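# Close look at the chain arrangement
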Amino acid sequence: KAGVTQTPRYLIKTRGQQVTLSCSPISGHRSVSWYQQTPGQGLQFLFEYFSETQRNKGNFPGRFSGRQFSNSRSEMNVSTLELGDSALYLCASSLDWRSEGQFFGPGTRLTVL
Amino acid sequence: GNSVTQMEGPVTLSEEAFLTINCTYTATGYPSLFWYVQYPGEGLQLLLKATKADDKGSNKGFEATYRKETTSFHLEKGSVQVSDSAVYFCALRGAGNNRKLIWGLGTSLAVNP
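One structure accompanies this document, and this report is about it. On a predicted model such as this, the values are computed, not experimentally measured, just so you know. (Residues numbered from 1 in each chain as written. Chains lettered and ligands numbered in written order. Predicted model: local features only at pLDDT ≥ 70, side-chain atom pairs only at ≥ 80, totals over all residues. Heavy atoms only, no water.)

## Observations concerning the interface of chain A and chain B
Convention followed: The criterion used for residue contact is that any of the two residues' heavy atoms lie within 4.5 Å. Two parts lose some accessible area (1.4 Å probe) when they are put together, and adding that loss for both gives the buried area. Definition of a polar contact: a pair of N or O atoms within 3.5 Å, with one able to donate and the other able to accept a hydrogen when the atoms are protein atoms, and with sequence-neighbouring residues admitted only if both atoms are side-chain atoms. Helix numbers and strand numbers start at the N terminus; a helix is a DSSP run of H or I with at least 4 residues, a strand a run of E with at least 2. All amino acids are sorted into three groups, where Ala, Val, Leu, Ile, Met, Phe, Trp, Tyr, Cys and Pro are nonpolar, Asp, Glu, Lys and Arg are charged, and the leftover types, Gly among them, are polar.
Taken together, the contacts link 21 residues of chain A with 18 residues of chain B. Approximately 1,600 Å² of surface area, both sides summed, lies buried where chain A meets chain B, with 50% of it carried by carbon and sulfur atoms. The largest per-residue losses of area from chain A upon contact with chain B belong to Leu43(A), Glu100(A) and Phe104(A), which jointly make up 38% of the total buried on that side. Across the contact surface, chain A and chain B share two residue pairs in polar contact (both at pLDDT 80 or more). Put simply, the parts of the chain that give the side of chain A that touches chain B at least two residues each are β4 (31-38), β5 (42-50) and β6 (53-57) of chain A. Per-element accounting of the side of chain A that touches chain B gives the leading share, four residues, to β5(A). Residues that form the side of chain A that touches chain B fall into these classes: six nonpolar, ten polar and five charged.

## Considerations on the environment of Thr20(A)
Residues and elements named next belong to chain A. Going by this rule: Note on exposure labels: buried denotes an accessible area under 20% of the residue type's maximum, exposed denotes more than 50%, and partly exposed covers the range between, all computed with a 1.4 Å probe on protein chains only.
Mapped onto the fold, Thr20 is located in strand β3 (residues 19-24). Assessed through its relative accessible area of 38%, Thr20 is described here as partly exposed. As for Thr20 and Ser74, which are separated by 54 residues in sequence, their C-alpha atoms are 10 Å apart. Discounting chain neighbours no more than four positions away, the residues touching Thr20 are Pro8, Glu75, Met76 and Asn77.

Function-wise, these values are silent; they only describe arrangement.
In structure tokens:
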């Protein structure tokens, strides 16, 4: 069974631009969560989707948004990029929102110049 | 709100040494507790979990016991190997509908031969 895949793996953008990251969960998994990982703040929860609905949201500004499609694939978008958005963005999938374990993808490394 | 405090690294040990990585938490109700591991160049992997007080999670020789009275979930291994070199993250998932994962900052472990 293929794992969680994230595209692209690396991305370089400039301030003010927007970016869209993609995540394909493990086949059969319907819950997708997104996290931001930085050296200073560690891992911080962005949002969680289940069956195309956002179930939980972290404490990030409205520039960060996401969505989930009917095939459970998910995208997150960051608009008006700031230098501080440089981070590793991780996607995790689980069978459903009640599942205790999550399976993580390799992440997308975003660098904002 | 919920939070996780994890001992700071880096931790450097010799092969076959005993490992303890401390993790304490603050949460309402009865959260689920996790240890994740991130090997160099790889994604986050669930190492072990415990979902109720006094539960012991174990995997690959690692153990952690959910201690409600001390709000702790310390990770231990009796004899570490070079292949255990990685970053270890303690995390909790809240009870009820607030199920987002809250993470510690991670502890880097280096095991020397």
